[in-house]
Amino acid sequence: MLVCTSPLREIFQGEDREAFLRRAVEIAGSRQLIFKLHPNENVERATREIRRHNPEALVFTTGSAEEMIANCDVLITRFSSTAFVGIALGKETHSDFDMDELRRLMPVQNNSAALNIANVCRRFLEEG
(Lines give C-alpha, C1' and ligand atoms only; values in the text may rest on other atoms or scores of the structure.)
Protein backbone atom coordinates (compact mmCIF):
# COMPACT_ATOMS: atom_id res chain seq x y z
CA MET A 1 0.00 0.00 0.00
CA LEU A 2 1.37 3.34 -1.05
CA VAL A 3 0.66 6.56 0.82
CA CYS A 4 1.48 9.80 -1.01
CA THR A 5 1.58 12.68 1.43
CA SER A 6 0.75 16.34 0.82
CA PRO A 7 2.62 19.46 1.99
CA LEU A 8 -0.47 21.07 3.48
CA ARG A 9 1.28 22.21 6.65
CA GLU A 10 4.20 23.65 4.69
CA ILE A 11 1.82 25.84 2.68
CA PHE A 12 -0.03 26.88 5.85
CA GLN A 13 -3.16 24.83 5.20
CA GLY A 14 -4.48 22.92 8.17
CA GLU A 15 -3.91 19.20 8.27
CA ASP A 16 -4.69 16.60 10.88
CA ARG A 17 -1.69 14.40 10.05
CA GLU A 18 -2.34 12.14 13.02
CA ALA A 19 -5.84 11.32 11.73
CA PHE A 20 -4.48 10.77 8.21
CA LEU A 21 -1.85 8.33 9.50
CA ARG A 22 -4.39 6.46 11.65
CA ARG A 23 -6.64 6.15 8.60
CA ALA A 24 -3.77 4.79 6.49
CA VAL A 25 -2.89 2.20 9.14
CA GLU A 26 -6.55 1.21 9.41
CA ILE A 27 -6.95 0.78 5.65
CA ALA A 28 -3.69 -1.17 5.45
CA GLY A 29 -4.59 -3.68 8.13
CA SER A 30 -1.73 -6.19 8.07
CA ARG A 31 -0.38 -5.03 4.68
CA GLN A 32 2.95 -3.21 4.30
CA LEU A 33 2.72 0.59 4.18
CA ILE A 34 5.06 2.52 1.92
CA PHE A 35 5.13 6.31 2.18
CA LYS A 36 6.26 8.65 -0.59
CA LEU A 37 6.76 12.04 1.01
CA HIS A 38 5.92 15.16 -0.95
CA PRO A 39 9.13 16.99 -1.98
CA ASN A 40 8.14 20.12 0.00
CA GLU A 41 7.57 18.27 3.26
CA ASN A 42 9.64 18.50 6.40
CA VAL A 43 11.22 15.04 6.09
CA GLU A 44 12.39 14.67 9.69
CA ARG A 45 9.02 15.58 11.17
CA ALA A 46 7.01 13.49 8.69
CA THR A 47 9.20 10.41 9.16
CA ARG A 48 9.02 10.72 12.95
CA GLU A 49 5.20 10.91 12.80
CA ILE A 50 4.95 7.94 10.45
CA ARG A 51 7.22 5.81 12.67
CA ARG A 52 5.01 6.58 15.67
CA HIS A 53 2.02 5.05 13.91
CA ASN A 54 3.74 2.33 11.90
CA PRO A 55 7.38 1.59 12.82
CA GLU A 56 7.68 -0.94 9.98
CA ALA A 57 6.63 1.49 7.24
CA LEU A 58 9.05 2.25 4.44
CA VAL A 59 9.54 5.98 3.83
CA PHE A 60 10.82 7.37 0.53
CA THR A 61 11.77 10.99 -0.03
CA THR A 62 12.86 10.60 -3.66
CA GLY A 63 11.68 8.69 -6.67
CA SER A 64 8.72 8.93 -9.00
CA ALA A 65 5.36 8.82 -7.24
CA GLU A 66 3.76 7.81 -10.53
CA GLU A 67 6.05 4.80 -10.93
CA MET A 68 5.38 3.82 -7.32
CA ILE A 69 1.63 4.07 -7.94
CA ALA A 70 1.98 1.86 -11.01
CA ASN A 71 3.52 -0.82 -8.78
CA CYS A 72 1.18 -0.61 -5.78
CA ASP A 73 -2.14 -2.33 -5.12
CA VAL A 74 -3.72 0.45 -3.08
CA LEU A 75 -3.10 4.22 -3.04
CA ILE A 76 -3.93 6.53 -0.16
CA THR A 77 -3.51 10.27 -0.51
CA ARG A 78 -5.01 13.54 0.65
CA PHE A 79 -5.63 16.38 -1.78
CA SER A 80 -3.23 15.34 -4.51
CA SER A 81 -3.28 14.87 -8.26
CA THR A 82 -1.73 11.45 -7.61
CA ALA A 83 -5.32 10.29 -6.99
CA PHE A 84 -5.92 10.73 -10.74
CA VAL A 85 -2.93 8.50 -11.48
CA GLY A 86 -4.28 5.80 -9.17
CA ILE A 87 -7.72 5.92 -10.76
CA ALA A 88 -6.31 5.95 -14.31
CA LEU A 89 -4.26 2.85 -13.50
CA GLY A 90 -7.24 1.07 -11.97
CA LYS A 91 -5.82 1.10 -8.45
CA GLU A 92 -7.95 1.03 -5.32
CA THR A 93 -7.63 4.72 -4.45
CA HIS A 94 -8.47 6.53 -1.22
CA SER A 95 -8.43 10.34 -1.23
CA ASP A 96 -9.97 13.30 0.55
CA PHE A 97 -11.33 14.36 -2.84
CA ASP A 98 -14.83 13.20 -3.73
CA MET A 99 -14.00 9.97 -5.56
CA ASP A 100 -17.12 10.06 -7.75
CA GLU A 101 -16.16 13.56 -8.86
CA LEU A 102 -12.59 12.44 -9.64
CA ARG A 103 -13.89 9.56 -11.75
CA ARG A 104 -16.22 11.95 -13.58
CA LEU A 105 -13.32 14.32 -14.30
CA MET A 106 -10.97 11.59 -15.56
CA PRO A 107 -9.99 12.06 -19.18
CA VAL A 108 -11.12 9.30 -21.52
CA GLN A 109 -8.25 6.87 -22.01
CA ASN A 110 -8.42 5.31 -25.47
CA ASN A 111 -6.55 5.29 -28.78
CA SER A 112 -8.22 8.51 -29.95
CA ALA A 113 -7.20 10.29 -26.75
CA ALA A 114 -3.62 9.08 -27.14
CA LEU A 115 -3.54 10.32 -30.74
CA ASN A 116 -4.93 13.73 -29.69
CA ILE A 117 -2.34 14.06 -26.94
CA ALA A 118 0.47 13.08 -29.33
CA ASN A 119 -0.71 15.67 -31.86
CA VAL A 120 -0.71 18.42 -29.22
CA CYS A 121 2.83 17.42 -28.22
CA ARG A 122 3.98 17.45 -31.85
CA ARG A 123 2.55 20.95 -32.39
CA PHE A 124 4.20 22.15 -29.21
CA LEU A 125 7.57 20.75 -30.29
CA GLU A 126 7.25 22.26 -33.77
CA GLU A 127 6.52 25.70 -32.30
CA GLY A 128 9.32 25.50 -29.75
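That block above? That's the structure.
Residues numbered from 1 in each chain as written. Predicted model: local features only at pLDDT ≥ 70, side-chain atom pairs only at ≥ 80, totals over all residues. Heavy atoms only, no water.

Mapped onto the elements, Asn 54 comes out in the loop between α2 (43-53) and β3 (58-60). Judged by relative accessible area, Asn 54 falls into the buried class, the value being 15%. The contacts of Asn 54, once residues within four sequence positions are left out, are Val 25 and Leu 33. (Helix = DSSP H or I, 4+ residues; strand = E, 2+ residues; numbered from the N terminus. Buried < 20%, exposed > 50% of the residue type's maximum accessible area, 1.4 Å probe, protein only. Contact = heavy atoms within 4.5 Å.)

For α2, the full list of buried residues reads Ala 46, Glu 49 and Ile 50. One side of α2 carries all its buried residues, which in axial view fall inside an arc of 100 degrees. The outward face of α2, more than 90 degrees from its buried face, is lined by the exposed residues Glu 44 and Arg 52. Those residues of α2 that are buried lie in contact with α1 (17-28), β2 (34-36) and β3. (Arc of directions from axis to C-beta.)

Taking strand neighbours across the sheet as the criterion, the five strands line up as β3-β2-β1-β4-β5 in an open arrangement whose pairing is parallel. Taken across any chain shown, the strands that pair with only one partner, and hence form the sheet edges, are β3 and β5 (92-94). Adjacent strand axes in the sheet meet at a mean angle of 20 degrees when their direction is disregarded. Bridging between strand β4 (residues 74-77) and β5 involves three bridges; their strand directions are parallel. Paired with Val 74 across the two strands is Glu 92, which belongs to β5. Of the strands in this sheet, β1 (2-4), β2, β4 and β5 touch α1, which is tilted by about 165 degrees from β4. (Pairing = 2+ DSSP bridges. Axes fitted to C-alpha atoms, helices over the stretch in contact; angles between N-to-C directions.)

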